[in-house]
Amino acid sequence: MARTLAPGRGSRLDATRRHNLSTILTTAHHHPGVSRAELTRLSGLNRSTVGALVAELSELKLVREVAPAEHSSRGRPSPHIYPRAEVTALAINPDYDAVVIGLVGLGGTVHQRERHPWKGTPSVAETVQVATSALERLRRDTKPTPWVIAAGVAVPALVRSDDSSIVRAVHLDWTEEPLGEMLAAALDLPVVVRNDARVATIAETVFGAGRGVRDLVYLNGSPSGVGGGAIVDGVTLRGQDGFGGEMGHTAVAGGREQCHCGRRGCLETEVSLVRLLAALGRESVDPRDLDDELSRAAANPTVRAEIQRQMTVLAGAIGNFISIFNPELVILGGFLGSLYTAAPQMLDSAVARDSFAQISASARIERAQLGSRLLLVGAAELAFLPLLRDPAAHAQPVPK
Ligand SMILES: [Zn+2]
């Protein structure tokens, strides 16, 4: 997946114009404000070809060129290329405690974000209804008027990628639900649905801590559990059914709790937002507020003990993943990022203690960089892929 997400190297042949347009638009989307000179260097195309491609993308209203400020660079000033942020995707993230919906522009700009808290879990029909009314509102309230090209959905579930249907979402209690089809009909947009941790891995690889990293492990802590993803030599680990990277369902030392997957002592039953919130005395927290909640409770012995317990278990699991994948980077997203920020040295030293020293010595641990934008930006990236691959075929005039 990472290979197909990355811009390609261009070719000078006319027959590859589509590929070249894709390369230029994808580079501008992933590097908003890139100079024309840098775009030329990154694409491997010559200067006049890049100029013509940028002009074509400008005419398609997918990018705009901005003249550089005077005296900003040595030699001939090079214009900067920005993707048009009014070209947008609707991003949807249903989870057991809320449905989060946003409108995301090219370049990763989150124009609007709405969190709809839920009493009990949202059904598929309710998710479709919330998304439909949100789309209408977001179209009306976003200025300049957005052109919504598609919708991307991140969901804590096993997802059949062929038809974007849900195989099983335990925490939402959804089984064999045609979510993609229902949303596409209600929104009148192309829709792509993927597992939330897969979506997060894509977002961090493209816009976050994993930029340019060819071997990484990503661990995502959501209200529903712990998911993961691995990029191995630049390619997303997929597995035969697309279910690879379910790292939340690897057994950890000392774990005894029954997991919904049928095993006992899975990572996600031991390292869990629900148990962290219980220590905080809370039922639900907006992920954006979790850092503050943990920092306010730093002196609370119950909270401290729970953080220490979860860190110890997490460190053992990370040590295992380091042995398996020999990654350059381990990225922690969602509530795992908040846990890490609450006590980074505790985790670093526990990983060093509990792993194969010669392998872990060169692995870094970092928090995901996209924060609460993570799943929205990742879901939008999925929705943008057809446009990025063939800009001329998918472009339409942006409404005035
Ligand atoms: Zn499990």
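Here the residue numbers are simple positions, counted from 1 along each chain's written sequence. Two thresholds apply to this predicted model, a pLDDT of at least 70 for residue-level local features and 80 or more for giving and counting side-chain atom pairs, whereas whole-chain, interface and lining totals are computed over all residues. Note that water and hydrogens are dropped before the side-chain values are worked out from all heavy atoms of the structure.

## Regarding the overall build of the protein
Part 1 of the reasoning: The secondary structure content of the protein amounts to 16 helices and 16 strands.
Part 2 of the reasoning: Atoms considered for the radius of gyration are the C-alpha atoms alone. The globule rule reads 2.2 Å times the number of residues to the power 0.38. In terms of C-alpha radius of gyration, the protein reaches 22 Å, essentially the compact-globule figure of 21 Å for 400 residues.
Part 3 of the reasoning: The principal-axis extent of the C-alpha atoms belonging to the protein is close to 65 × 50 × 40 Å.
Part 4 of the reasoning: Buried means the residue's accessible area, taken with a 1.4 Å probe over protein chains only, is under 20% of the maximum for its type, while exposed means over 50%, and partly exposed covers the values in between. When each of the 400 residues of the protein is scored for burial, the buried share is 52%.
Part 5 of the reasoning: A separation of at least 24 residues holds for 64% of the contacts in the protein among residues at least 6 apart in sequence.
Part 6 of the reasoning: Each accessible area value is a Shrake-Rupley result obtained with a 1.4 Å probe; residue values ignore everything except the protein chains displayed when judging cover. Taken as a whole, the protein presents about 17,900 Å² of accessible surface, with 50% of it coming from carbon and sulfur.
Part 7 of the reasoning: Of the charged side chains in the protein, 42 are positive and 42 negative; the average position of the first set lies 5 Å away from that of the second. Numbering of helices and strands starts at the N terminus; helices are DSSP runs of H or I of at least 4 residues and strands are runs of E of at least 2. Any two residues whose heavy atoms approach within 4.5 Å are treated as being in contact. A positive count includes Lys and Arg, and a negative count includes Asp and Glu. His and the chain ends are not counted in either. For the purpose of locating charges, the reference atoms are NZ of Lys, CZ of Arg, CG of Asp and CD of Glu.

## Points about the domain arrangement of the protein
Part 1 of the reasoning: The domains assigned to the protein are domain 1 (2-83), domain 2 (87-199 + 374-394) and domain 3 (211-368).
Part 2 of the reasoning: These domain limits were set by an automatic method or by a database of domain assignments. Using only C-alpha atoms to locate each centre, domain 1 and domain 2 end up separated by 29 Å.
Part 3 of the reasoning: Residue-level contacts link 16 residues of domain 1 with 14 residues of domain 2.
Part 4 of the reasoning: The term buried area refers to how much accessible surface (probe radius 1.4 Å) is lost by two components on association, counted for both of them together. Interface area, domain 1 with domain 2, both sides summed: about 1,200 Å², of which 67% is carbon and sulfur.
Part 5 of the reasoning: Any carboxyl oxygen of Asp or Glu within 4 Å of a side-chain nitrogen of Lys or Arg constitutes a salt bridge here. Counting across the interface, domain 1 meets domain 2 through 1 salt bridge.
Part 6 of the reasoning: One salt bridge connects D390 with R18, and the closest N-O pair in it is separated by 3.5 Å.
Part 7 of the reasoning: Side-chain atoms alone can form a polar contact between residues adjacent in sequence; in general such a contact is a pair of N or O atoms within 3.5 Å, and within protein one must be able to donate a hydrogen while the other accepts it. Counting every contact that joins domain 1 to domain 2 gives 4 residue pairs in polar contact (both at pLDDT 80 or more).
Part 8 of the reasoning: Elements that contribute at least two residues to the side of domain 1 that touches domain 2 include exactly α1 (2-5) and α2 (17-30).
Part 9 of the reasoning: Looking at the side of domain 1 that touches domain 2, the element that brings in the most residues is α2, giving 8 residues.
Part 10 of the reasoning: Asp, Glu, Lys and Arg are counted as charged, while Ala, Val, Leu, Ile, Met, Phe, Trp, Tyr, Cys and Pro are counted as nonpolar; the rest, among them Gly, fall into the polar class. For the side of domain 1 that touches domain 2, a count of residues per class yields 8 nonpolar, 5 polar and 3 charged.

## Thoughts on the pairing of strand β5 (residues 98-105)
Part 1 of the reasoning: Taken across its 8 residues, β5 has 8 buried, putting it largely inside the fold.
Part 2 of the reasoning: Here, a strand pair is defined by DSSP locating no fewer than two bridges between the strands. Pairing analysis gives 8 bridges linking strand β4 (residues 87-95) to β5, with the strands arranged antiparallel. When the sheet's bridge partners are listed, D95 is paired in β5 with A98.
Part 3 of the reasoning: Bridge count for β5 against strand β6 (residues 109-117) is 8 bridges, and the pairing is antiparallel.

## Concerning the side chain of T40
Part 1 of the reasoning: With respect to the helices and strands, T40 occurs in helix α3 (residues 36-43).
Part 2 of the reasoning: Sequence-distant contacts of T40, that is, excluding residues within four places in its chain, are made with L45, N46, R47 and V50.

## Brief notes about the environment of L290
Part 1 of the reasoning: Residue placement: L290 occurs in helix α10 (residues 290-296).
Part 2 of the reasoning: The class for L290 is buried, based on a relative accessible area of 4%.
Part 3 of the reasoning: Separated by 83 residues in sequence, L290 and F207 have C-alpha atoms that sit 22 Å apart.
Part 4 of the reasoning: What L290 contacts, discounting residues up to four positions off in sequence, is L273, L277, L280, V285, F335 and S338.

## Digging into the nonpolar core
Part 1 of the reasoning: I24, L25 and L62 are the most contacted members of the largest nonpolar core, which totals 52 residues.
Part 2 of the reasoning: With 11 residues, helix α15 (residues 374-389) is the largest single contributor of residues to this core.
Part 3 of the reasoning: Once you skip the residues sitting within four places of it in the chain, L25 turns out to touch L57, L62, V63, L106, L387, L388 and P391.
Part 4 of the reasoning: Nine residue types can take part in a nonpolar core, namely buried Ala, Val, Leu, Ile, Met, Phe, Trp, Tyr and Cys, and a core is a set of them joined through side-chain atoms within 4.5 Å. Grouped together as the second largest cluster of nonpolar side chains are 39 residues, F321, I322, L332 and I365 included.

## Considering the coordination of the zinc ion
Part 1 of the reasoning: Donor atoms: N, O and S within 2.8 Å of the metal, or within 3.2 Å for Na, K and Ca. Because water is excluded, sites can look incomplete. Coordination of the zinc ion by the protein involves H249 (ND1), C259 (SG), C261 (SG) and C266 (SG), with metal-donor separations of 2.1 to 2.3 Å.
Part 2 of the reasoning: One can describe the donor arrangement at the zinc ion as tetrahedral, given that its 4 donor atoms subtend angles of 102 to 120 degrees at the metal.
Part 3 of the reasoning: All donors to the zinc ion come from one chain, and their sequence spacing reads H-x9-C-x1-C-x4-C. Residue H249 is located in the loop between β14 (235-236) and α8 (267-270), and its partner C261 is located in the loop between β14 and α8; the two are separated by 12 residues in the primary sequence.
Part 4 of the reasoning: Residue class for H249 comes out buried when judged on its relative accessible area of 16%.
Part 5 of the reasoning: Judged by its relative accessible area of 37%, C261 is partly exposed. All geometry calls rest on donor angles, where a four-donor set with angles between 85 and 135 degrees is tetrahedral, four- and six-donor sets with opposite donors more than 155 degrees apart and all others between 65 and 115 are square planar and octahedral, and all else is irregular.

## With respect to the sheet that holds strand β16 (residues 364-367)
Part 1 of the reasoning: What the 5 strands build is an open sheet, ordered β14-β13-β12-β15-β16; its pairing is mixed. Two strands in the sheet have a free side with no partner beyond their single neighbour: β14 and β16.
Part 2 of the reasoning: In the sheet, strand β12 (residues 216-222) pairs with strand β13 (residues 225-232) via 7 bridges, with the strands oriented antiparallel. Directly across from L219, in β13, lies its bridge partner G228.
Part 3 of the reasoning: Every axis corresponds to a line fitted to the C-alpha atoms, with the helix fit spanning only the stretch in contact, and the corresponding angles, defined between N-to-C directions, vary from 0 to 180 degrees. Helix α12 (residues 335-342) contacts β12, β13, β15 (329-334) and β16 of the sheet and is inclined by roughly 110 degrees relative to β15.

## Notes on the confidence of the model for the protein
Part 1 of the reasoning: For the protein, per-residue confidence averages 90 on the pLDDT scale, and residues scoring 70 or more make up 93% of the total.
Part 2 of the reasoning: Per-element confidence in the protein ranges from a low mean pLDDT of 51 for α1 to a high of 98 for helix α6 (residues 179-187). Each residue carries a pLDDT score, the predictor's own confidence in it, on a scale running from 0 to 100.

## Details of the pattern of salt bridges
Part 1 of the reasoning: Scanning all chains against the criterion turns up 23 salt bridges.
Part 2 of the reasoning: Between R140 and D141 there is a salt bridge, with its nearest N and O atoms 3.3 Å apart.
Part 3 of the reasoning: By relative accessible area, D141 is classed as partly exposed at 43%.
Part 4 of the reasoning: Residues joined by salt bridges that share partners form a network here, namely E257, E270, R275, E306 and R309.

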